[in-house]
Amino acid sequence: EAGVVQSPRYKIIEKKQPVAFWCNPISGHNTLYWYLQNLGQGPELLIRYENEEAVDDSQLPKDRFSAERLKGVDSTLKIQPAELGDSAVYLCASTIPIGTELDYGYTFGSGTRLTVV
Amino acid sequence: GIQVEQSPPDLILQEGANSTLRCNFSDSVNNLQWFHQNPWGQLINLFYIPSGTKQNGRLSATTVATERYSLLYISSSQTTDSGVYFCAVELKSYNTDKLIFGTGTRLQVFP
């Protein structure tokens with residue numbers, strides 16, 4: 001079974017440019033998360049989806065960040081315009097449906113390392 | 001909010017040595033996970049362990065939820081064990097479902 005797939009793996013852009021990250025969760029995983037990891041720190045939640053609904057976006061800076069999860073499968077996270085402080089690793093994770101016994105918890109993708117210059 | 005602290009922050013070992021990593025958390029949690037982040041940045045799920053003890057090869061973990069701590073044991077360490085180890089507690093309520101990560105332990109294993 002394929003894990004959580006993210007692309008691109010790396011991205012370098014100039015400040016004020018737009019950028020988008022893509023995530024394909026594990027098949028059957030209803031819950032999808034985007035996390036932000038700054039250098040030397042643990043990841044922090046940006047947004048959580050249950051199917052296609054964003055049920056927790058309280059940590060998402062909505063002035064420049066947006067996300068969508070069409071049809072409740074793949075998800076895209078966008079930044080427009082990017083700032084120097086957005087340089088970080090953006091991680092996607094998914095978990096199995098609510099009510100199912102969680103044997104293994106969260107599964108993370110490889111992440112997208114963004115550098116804004 | 002809940003605090004998750006890990007110790008030690010850094011650990012240097014020679015291949016073959018054993019080690020214990022600790023995770024303390026400040027409040028009751030739904031669950032706890034241990035992750036290994038390798039030098040390429042991949043977060044690998046090691047254990048999903050709300051309580052009790054689990055073992056997987058050279059690694060084992062114990063969580064004592066009533067005392068709010070978890071331990072990760074690495075035996076006969078190898079150079080491939082190098083990286084950062086995170087514990088993360090899961091907060092789940094009617095409107096919240098997220099992981100709160102600890103500060104991490106950076107492990108370096110030398111041959």
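Our structure is the block above this text.
All of the points below concern the structure found in this document. Small disclaimer: the values here were computed from a predicted structure and weren't measured. (Residues numbered from 1 in each chain as written. Chains lettered and ligands numbered in written order. Predicted model: local features only at pLDDT ≥ 70, side-chain atom pairs only at ≥ 80, totals over all residues. Heavy atoms only, no water.)

**Considerations on the sheet that holds strand E3 (residues 19-25) of chain B**
All names here are of chain B.
Piece 1. Across the sheet, which stays open at both edges, the 5 strands sit in the order E1-E3-E8-E7-E6 with antiparallel pairing between neighbours. The open sheet terminates on both sides in strands that have one partner only, identified here as strand E1 (4-7) and strand E6 (52-56). Across the sheet, the mean angle from the axis of one strand to that of its neighbour is 15 degrees, orientation sign disregarded.
Piece 2. One ladder, built from 4 bridges, connects E1 with E3; its direction is antiparallel. Bridging from a neighbouring strand, Gln 6 pairs with Cys 23 of E3. (Pairing = 2+ DSSP bridges. Helix = DSSP H or I, 4+ residues; strand = E, 2+ residues; numbered from the N terminus. Axes fitted to C-alpha atoms, helices over the stretch in contact; angles between N-to-C directions.)

**Looking at the interface of chain A and chain B**
Piece 1. With 21 residues of chain A in contact, the opposing surface of chain B contributes 19 residues.
Piece 2. In this structure, the connection of chain A to chain B is made through 0 salt bridges.
Piece 3. There are 11 residue pairs in polar contact (both at pLDDT 80 or more) connecting chain A and chain B.
Piece 4. Elements with a minimum of two residues in the side of chain A that touches chain B: strand E4 (31-37) and strand E5 (44-50) of chain A.
Piece 5. Ranked by residue count, the leading element in the side of chain A that touches chain B is E4(A), at 4 residues. (Contact = heavy atoms within 4.5 Å. Salt bridge = Lys/Arg side-chain N within 4 Å of Asp/Glu carboxyl O. Polar contact = N/O pair within 3.5 Å; in protein donor to acceptor, adjacent residues only side chain to side chain.)

**Some details on the state of the cysteines**
All names here are of chain A.
Piece 1. One pass over the structure, following the stated rule, counts 2 disulfides over all chains.
Piece 2. Across the disulfide from Cys 23 sits Cys 92; the S-S distance is 1.9 Å. Judged by the torsion about the S-S bond (-70 degrees), the Cys 23/Cys 92 disulfide is left-handed. Taken together, the residues Cys 23 in strand E3 (residues 19-24) and Cys 92 in strand E9 (residues 88-95) connect sequence positions 69 residues apart.
Piece 3. Classification of Cys 23 by relative accessible area gives buried; the value is 0%. (Disulfide = S-S within 2.5 Å. Buried < 20%, exposed > 50% of the residue type's maximum accessible area, 1.4 Å probe, protein only.)

**Structural notes on the nonpolar core**
Piece 1. With 22 residues, the main nonpolar core has A:Phe21, A:Trp34, A:Leu46, A:Leu77, A:Ile79, A:Tyr90 and A:Leu114 as its most contacted residues.
Piece 2. Within the residue set of this core, elements represented by two or more residues are E3, E4, E5, strand E8 (75-79), E9 and strand E11 (112-116) of chain A.
Piece 3. Not counting residues within four places of it along the chain, the set of residues in contact with A:Leu77 comprises A:Val19, A:Ala20, A:Phe21, A:Trp34, A:Leu46, A:Leu60, A:Ser66, A:Ala67 and A:Tyr90.
Piece 4. By size, the runner-up hydrophobic cluster in this structure holds 21 residues, among which are B:Leu13, B:Leu21, B:Leu32 and B:Val109. (Core = buried A, V, L, I, M, F, W, Y, C linked by side-chain atoms within 4.5 Å.)

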